Amino acid sequence: MMNVKIEPSWKSLLSEEFGKEYFYNLTETIKREIANGVKIYPNGANFFKAFEMAPVDKVKAVIIGQDPYHNPGEAMGLSFSVPKGVRVPPSLRNIYKELHTDIGFEIPNHGDLTPWATQGVLLLNAILTVRHRAAASHRKLGWEHFTNAAIQKLSEKRENIVFLLWGNFAKKKKELIDTSKHLVLEAAHPSPLAGGAFFGSKHFSKTNAYLESKGIDPIDWRLA
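Described in the following lines is the structure provided in the data block. None of these values were measured; they are calculated from a predicted model.

### Thoughts on the overall build of the chain
At step 1: When helices and strands are tallied, the chain shows nine helices and six strands.
At step 2: For the chain, whose C-alpha radius of gyration is 17 Å, the value lies close to the compact-globule estimate of 17 Å for 224 residues.
At step 3: Expressed as a percentage of its 224 residues, the buried residues of the chain come to 51%.
At step 4: Within the chain, contacts between residues separated by at least 24 positions form 66% of all contacts whose residues are at least 6 apart in sequence.
At step 5: Put simply, the chain shows about 10,500 Å² of open surface, and 48% of that area lies on carbon and sulfur atoms.

What follows is the structure, encoded as structure tokens:
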């Protein structure tokens, strides 16, 4: 197995993936791009940040994004999240609006979702890296094989997790999830391009209602 720096419980769960040819080719391609001066986001220490923040046995909910933000200083290894001090992206602004109408969420002046991750929200991008200012540029490198395995194995190992699938890209992940023992919530993508179809989904209150019905502490969505 390759020596990959990833949170121990995830390293164990995904151990088979690290030895596969696609993963070797993926890592070699990224190493080569970096050696050739290509800027890649997030930085290497944050490739597996989502896993680091939410160990396997702590995951309560999963929010699936597509790939990292591709502008400087934005990507931090957590889907939809940006560091404090960075302008809140449009999709996240809409997530905040839905939270406000759903649970009375006070909209913060930042986009750092780390407090969600530390409570067991796996903020997982399907593709974990991207080239500078080139959206979806690492789409065909093999990351989706890896993150699909993560979703499927998490579904197999655990129970009573809420999977929030926003947009057609994320909804395709439903086939990886055992819906007999997990809750899957589907909605339009929060992007403004979806014309507001995301609003009214009430996924945040539904997530907590489900968790509480299973005797699991709800998620405190507050960030302000």
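### Considering the packing of helix 5 (residues 90–103) against helix 9 (residues 203–213)
At step 1: Running from N to C, helix 5 and helix 9 cross one another at 60°; their axes reach a closest spacing of 8 Å. Relative to helix 9, helix 5 is oriented oblique. Along the contact surface, helix 5 presents I95, E98, L99, D102 and I103, while helix 9 presents H203, F204 and S205.
At step 2: Looking at the contact of helix 5 with helix 9, its residues break down into four nonpolar, two polar and two charged.

### Quick look at the nonpolar core
At step 1: Within the largest apolar cluster, 66 residues are counted, with the highest numbers of intra-cluster contacts made by W10, F48, F51, W116, L122 and F146.
At step 2: Examining the composition of this core, we find that six residues originate from one element, helix 7 (residues 143–157), more than from any other.
At step 3: If we ignore the near neighbours within four places in the chain, the residues touching F51 are I6, E7, W10, L14, L122, L124, L128, F146 and A150.

### Observations concerning the sheet that holds strand 2 (residues 61–65)
At step 1: If you walk across this open sheet you meet the four strands as 3-2-5-6, and the pairing is parallel. Looking at the sheet topology across the chains shown, the edges are occupied by strand 3 (121–125) and strand 6 (183–187). Across this sheet, the average inter-strand angle for adjacent strands is 20°, counted without regard to direction.
At step 2: In this structure, strand 5 (residues 162–166) lies alongside strand 6, joined through five bridges in parallel fashion. When the sheet's bridge partners are listed, W166 is paired in strand 6 with A187.

### Re the pattern of salt bridges
At step 1: For the coordinates displayed, the defined rule picks out seven salt bridges.
At step 2: As a salt-bridge pair, R131 and E33 come within 2.8 Å of each other at their nearest N and O atoms. Of this pair, R131 sits in strand 4 (residues 130–131) while E33 sits in helix 3 (residues 21–35), and the two are 98 residues apart along the sequence.
At step 3: The buried category is assigned to E33, whose relative accessible area is 11%.
At step 4: Of the charged contacts, one joins K173 and E144 as a salt bridge, the two residues approaching to 3.5 Å between their closest N and O atoms. Highlighted residues: K173 in the loop between helix 8 (167–171) and strand 6 and E144 in helix 7, separated in sequence by 29 residues.

### As for the packing of aromatic side chains
At step 1: Applying the stated criterion to the full structure yields 19 aromatic pairs.
At step 2: Each ring, one from W10 and one from F51, has its centre 4.8 Å from the other, and the planes form 70°; the classification is edge-to-face. Taken together, the positions of W10 in helix 1 (residues 8–13) and F51 in helix 4 (residues 49–53) put the pair 41 residues apart, joining distant regions of the chain. Of the two residues examined, W10 and F51, each falls in the buried class.
At step 3: Pairing F23 with W143 gives two aromatic rings, centres 6.3 Å apart and planes at 85°, and the pair type is edge-to-face. With F23 in helix 3 and W143 in helix 7, this pair connects stretches of sequence that are 120 residues apart.
At step 4: Taken together, the ring pairs in this structure connect W10, F18, Y22, F23, F48, F51, W143 and F146 into an aromatic cluster.

### Some thoughts on empty space enclosed by the protein
At step 1: A complete count under the given rule lists one cavity of 30 Å³ or more for this structure.
At step 2: What the largest cavity holds in volume is close to 40 Å³.
At step 3: With three residues, the top contributor of residues to the lining of the largest cavity is strand 3.
At step 4: When grouped by side-chain class, the residues that make up the lining of the largest cavity number seven nonpolar, two polar and no charged.

Criteria and cut-off values
Residues numbered from 1 in each chain as written. Predicted model: local features only at pLDDT ≥ 70, side-chain atom pairs only at ≥ 80, totals over all residues. Heavy atoms only, no water. Helix = DSSP H or I, 4+ residues; strand = E, 2+ residues; numbered from the N terminus. Rg over C-alpha atoms; globule rule 2.2 N^0.38 Å. Buried < 20%, exposed > 50% of the residue type's maximum accessible area, 1.4 Å probe, protein only. Contact = heavy atoms within 4.5 Å. Areas by Shrake-Rupley, 256 points an atom, 1.4 Å probe, with all protein chains shown as cover. Axes fitted to C-alpha atoms, helices over the stretch in contact; angles between N-to-C directions. Parallel < 35°, antiparallel > 145°, perpendicular 65-115°, else oblique. Nonpolar A, V, L, I, M, F, W, Y, C, P; charged D, E, K, R; others polar. Core = buried A, V, L, I, M, F, W, Y, C linked by side-chain atoms within 4.5 Å. Pairing = 2+ DSSP bridges. Salt bridge = Lys/Arg side-chain N within 4 Å of Asp/Glu carboxyl O. Phe/Tyr/Trp six-rings, centres within 6.5 Å; stacked < 30°, edge-to-face > 60°. 1 Å grid on protein atoms, 1.4 Å probe; cavity = no way out; pocket = protein on both sides within 12 Å on 5 of 7 lines; lining within 4 Å. Points joined across faces, edges and corners; volume = space filled by probe spheres on them.

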